[in-house]
Amino acid sequence: MHANLPNDLAQWWMPFTDNRYFKANPRLLVAAKDMHYTTSDGRQVLDGCAGLWCVNAGHGRDAIVRAIQEQAGQLDYAPTFQIGHPLAFQLANRLADIMPEGLDRIFFTNSGSESVDTALKIALAYHRARGAGQRTRLIGRERGYHGVGFGGISVGGMVANRRTFGPGLVGVDHLPHTHDMARNAFSRGQPAHGAELADRLEAIIALHGADTIAAVIVEPVAGSTGVLPPPVGYLERLRAVTEKHGILLIFDEVINAFGRLGAATAAERFGVTPDIICMAKGLTNASVPMGAVAVSRQVHDGIVDAPGDVPGIELFHGYTYSAHALACAAALAALELYADEGLFARARALEPVFQDAVHSLKGARHIVDIRNLGLMAGIEMAPRNGVVGARGIELFRALFDAGLLVRSSGDTVSLSPPLIVSEDQIHEMVAIIAAELEKLD
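Residues numbered from 1 in each chain as written. Predicted model: local features only at pLDDT ≥ 70, side-chain atom pairs only at ≥ 80, totals over all residues. Heavy atoms only, no water.

Asks: Whenever I open this one, the nonpolar core confuses me. Can you help?
Replies: The nonpolar side chains of soluble globular proteins are, as a tendency, buried together. Among the nonpolar cores identified, the biggest contains 105 residues, and Leu91, Leu95, Phe108, Phe258 and Met279 are the most heavily contacted of them. With 12 residues, the single largest contributor to this core is helix 12 (residues 325–340). With sequence-adjacent residues up to four places away left out, methionine 279 is seen in contact with Leu95, Met99, Ser111, Ser115, Glu253, Val254, Ala257, Phe258, Gly291, Ala292, Val293 and Ala294. In this structure, Leu138, Ala214, Ile217 and Ala280 belong to the second largest nonpolar core, which totals 21 residues. (Core = buried A, V, L, I, M, F, W, Y, C linked by side-chain atoms within 4.5 Å. Buried < 20%, exposed > 50% of the residue type's maximum accessible area, 1.4 Å probe, protein only. Helix = DSSP H or I, 4+ residues; strand = E, 2+ residues; numbered from the N terminus. Contact = heavy atoms within 4.5 Å.)

See below:
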């Protein structure tokens, strides 16, 4: 046993985990470097999902480690209510440089969940500041994942994440999801069919009235639900409808940003600019928790410079750890590393190799669909005897035992490797999955 292992697992109530199963069959990670984790029994596990979609530059990168260590010795923490520190402004400028044109006002948070709730509150505050305080309705999408705050689960559309916690926010509606296996199964990249689903927003607007709707929030490529790329033309039509009716469009890019789609943002990849972008995960290469919200100049100025507003605090919102000094240092180092190693372009160049590799699993046992874009792929199996999720979790566990870490959601396993992944490692991941599928009932 590793010297630092606990002798009792009962005290930690683990998140999004079958606690009873885990504590009877623990899987413990004790180290990580580059593309691999090390388990408590000394095995190497290939990281096929960048931790939780977040370790985009690989594990234990020296430049990020040094930045955190040096910052901890210089300024470990500074409050950011009515006080600032230089790194926060440096990072805001650096992020503004890689955001779509016009989205150059940055609000810092500590997670994707906080970024989403921040974006929703900014949307509400913007409409109120411009004299349209009746615009309070928020529109999400079925199968969407927007974190675990009450705002995020309200606009989210993953049923299991919502059912336990009551009705959530009032005045929320949902667009239909875009997953259409009848027409789009085994799509390579963006599916050909489904752009018209964006027009369903018009029906929601007709029902509630445009003058009641504050914002629409979507993941450009939905991740946690099993990787759902947007149909060709879908995001463009969604942008057109929201602009027509004065509704803010929020892109939840907590997973998509920082190279996952071969660009700094999904907005850049698709050529569609929203009003607000939510970020987290890859912002610091997951080394220190951090999130951010990029806001258009129009929205920011509409709040900060609201007509007739009295001097003082313009937005009564923020967190104790907003722009935490260690997180800022880590993020600056991560962004520099991404740029120095050309990791966003590298991901785009690897996309065809990754796509061909994952689609080679078509025809394997149980597989009913494969979806991919950038360095993201969802590999979906048929449910076993109608019990959704049984095959998915069994394959997840079998793959971990075989030396590969993936994500599972329902009967879909997802791959999203660090952007430093080699072609050989991509093929190794697919070979492990193919072998374990053959053993799976």
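Asks: Looking at this model, I keep getting lost on the sheet that holds strand 3 (residues 44–47). Mind explaining?
Replies: Strand pairing in a sheet relies on backbone hydrogen bonds, with the paired strands running either antiparallel or parallel. Spatially, 4 strands are ordered 1-2-3-13 in an open sheet, and the strand pairing comes out mixed. In this open sheet, the two strands that pair with only one neighbour each are strand 1 (29–33) and strand 13 (404–405). For strand 1 and strand 2 (residues 36–39), the ladder comprises 4 bridges, and the chain directions are antiparallel. Paired with leucine 29 across the strands is threonine 39, a residue of strand 2. (Pairing = 2+ DSSP bridges.)

Asks: What exactly am I supposed to notice about the pattern of salt bridges here?
Replies: Close approach of charged atoms allows side chains with opposite charge to pair. All chains considered together, the criterion is met by 19 salt bridges. Between aspartate 180 and arginine 183 there is a salt bridge whose closest N-O contact spans 2.6 Å. Where aspartate 199 meets arginine 237, a salt bridge forms, and the shortest distance between an N and an O atom there is 2.3 Å. Of this pair, aspartate 199 sits in the loop between helix 7 (181–184) and helix 8 (200–208) while arginine 237 is found in helix 9 (residues 234–244), placing the two residues 38 residues apart along the sequence. Since its relative accessible area comes to 31%, aspartate 199 is described here as partly exposed. Residue classification places arginine 237 among the partly exposed residues on the basis of a relative accessible area of 33%. Within the structure, one salt-bridge network assembled from shared partners comprises Asp104, Arg105 and Arg297. (Salt bridge = Lys/Arg side-chain N within 4 Å of Asp/Glu carboxyl O.)

Asks: Hey, could you run me through the packing of aromatic side chains in this one?
Replies: Pairs of aromatic rings are described using the distance from one ring centre to the other and the angle between the two planes. A complete count under the given rule lists 3 aromatic pairs for this structure. Both rings, one in tyrosine 77 and one in tyrosine 321, keep their centres 6.1 Å apart while their planes meet at 75 degrees; by these two values the pair is edge-to-face. Of this pair, tyrosine 77 sits in the loop between helix 3 (62–74) and helix 4 (86–98) while tyrosine 321 sits in the loop between helix 11 (297–304) and helix 12, placing them 244 residues apart in sequence. On the basis of relative accessible area, tyrosine 321 is assigned to the partly exposed category, the value being 48%. Summarising the aromatic geometry, the rings of phenylalanine 258 and tyrosine 338 are spaced 6.5 Å apart at their centres and angled 25 degrees between planes, so their arrangement reads as stacked. With phenylalanine 258 in the loop between strand 8 (248–252) and helix 10 (266–270) and tyrosine 338 in helix 12, the pair connects residues that are 80 residues apart, well separated along the chain. Like tyrosine 338, phenylalanine 258 is buried. Aromatic rings pair up to connect Phe258, Tyr338 and Phe344 into one cluster. Looking at lysine 362, its charged tip hangs above the ring of phenylalanine 186, at a distance of 4.8 Å from the centre. The ring of tyrosine 21 has arginine 397 lying over it, and the distance from NZ or CZ to the ring centre is 3.4 Å. (Phe/Tyr/Trp six-rings, centres within 6.5 Å; stacked < 30°, edge-to-face > 60°. Lys NZ or Arg CZ within 6 Å of the ring centre and 35° of its normal.)

Asks: Sorry if this is basic, but what is going on with the sheet that holds strand 7 (residues 213–218) here?
Replies: Spatial strand order, 4-10-9-8-7-5-6: 7 strands in an open sheet with mixed pairing. Only two strands of the sheet have a single partner each, and these edge strands are strand 4 (105–109) and strand 6 (172–175). Averaged over all adjacent pairs, the angle separating strand axes in this sheet is 20 degrees, with direction ignored. Relative to strand 9 (residues 276–279), strand 8 is paired through 3 bridges, and the arrangement is parallel. From the neighbouring strand, phenylalanine 251 faces strand 9, where its bridge partner is isoleucine 277. Sheet strands touched by helix 4: strand 4, strand 9 and strand 10 (291–295). Its angle to strand 4, the strand with the most contacts, is close to 120 degrees. (Axes fitted to C-alpha atoms, helices over the stretch in contact; angles between N-to-C directions.)

Asks: Help me understand the layout of surface pockets in this model?
Replies: Here the idea is plain: a probe the size of a water molecule rolls over the atoms and shows the empty space left. Counted as a void, the second largest pocket has a volume near 1100 Å³. When residues of the lining of the second largest pocket are traced back to their parent elements, those giving at least two are helix 4, strand 4 and helix 11. Examining the composition of the lining of the second largest pocket, we find that 5 residues originate from one element, helix 4, more than from any other. (1 Å grid on protein atoms, 1.4 Å probe; cavity = no way out; pocket = protein on both sides within 12 Å on 5 of 7 lines; lining within 4 Å. Points joined across faces, edges and corners; volume = space filled by probe spheres on them.)

Asks: Please clarify how helix 12 should be interpreted in this entry.
Replies: Along an α-helix, residues three or four positions apart point the same way, because every turn accommodates 3.6 residues. Between its first and last C-alpha atoms helix 12 spans 23 Å; for 16 residues at 1.5 Å apiece the expected length is 22 Å, and the two agree. In terms of burial, helix 12 is largely enclosed, as 13 of its 16 residues are buried. Taken from the residues just after helix 12, glycine 342 is the one with a positive phi, measuring 60 degrees. (Expected span 1.5 Å × (residues − 1).)

Asks: What exactly am I supposed to notice about empty space enclosed by the protein here?
Replies: As enumerated under the stated definition, the model contains 4 cavities of 30 Å³ or more in all. What the largest cavity holds in volume is close to 90 Å³. Around the largest cavity sit Thr178, His179, Asp180, Met181, Asn184, Ala185, Ser187, Pro191, Leu228, Pro229, Asp369 and Arg371, which together line it. Within the residue set of the lining of the largest cavity, elements represented by two or more residues are helix 7 and strand 11 (367–373). For the lining of the largest cavity, the per-class residue count stands at 5 nonpolar, 4 polar and 3 charged. Its boundaries defined by the atoms lining it, the second largest cavity holds a volume of some 60 Å³. Forming the walls of the second largest cavity are Arg141, Glu142, Arg143, Gly144, His177, Thr178, Glu219, Pro220, Ala222, Leu228, Pro229 and Pro230. Residues of the lining of the second largest cavity, tallied by class, amount to 5 nonpolar, 3 polar and 4 charged. (Nonpolar A, V, L, I, M, F, W, Y, C, P; charged D, E, K, R; others polar.)

In short, shape yes, function no, at least from these values alone.
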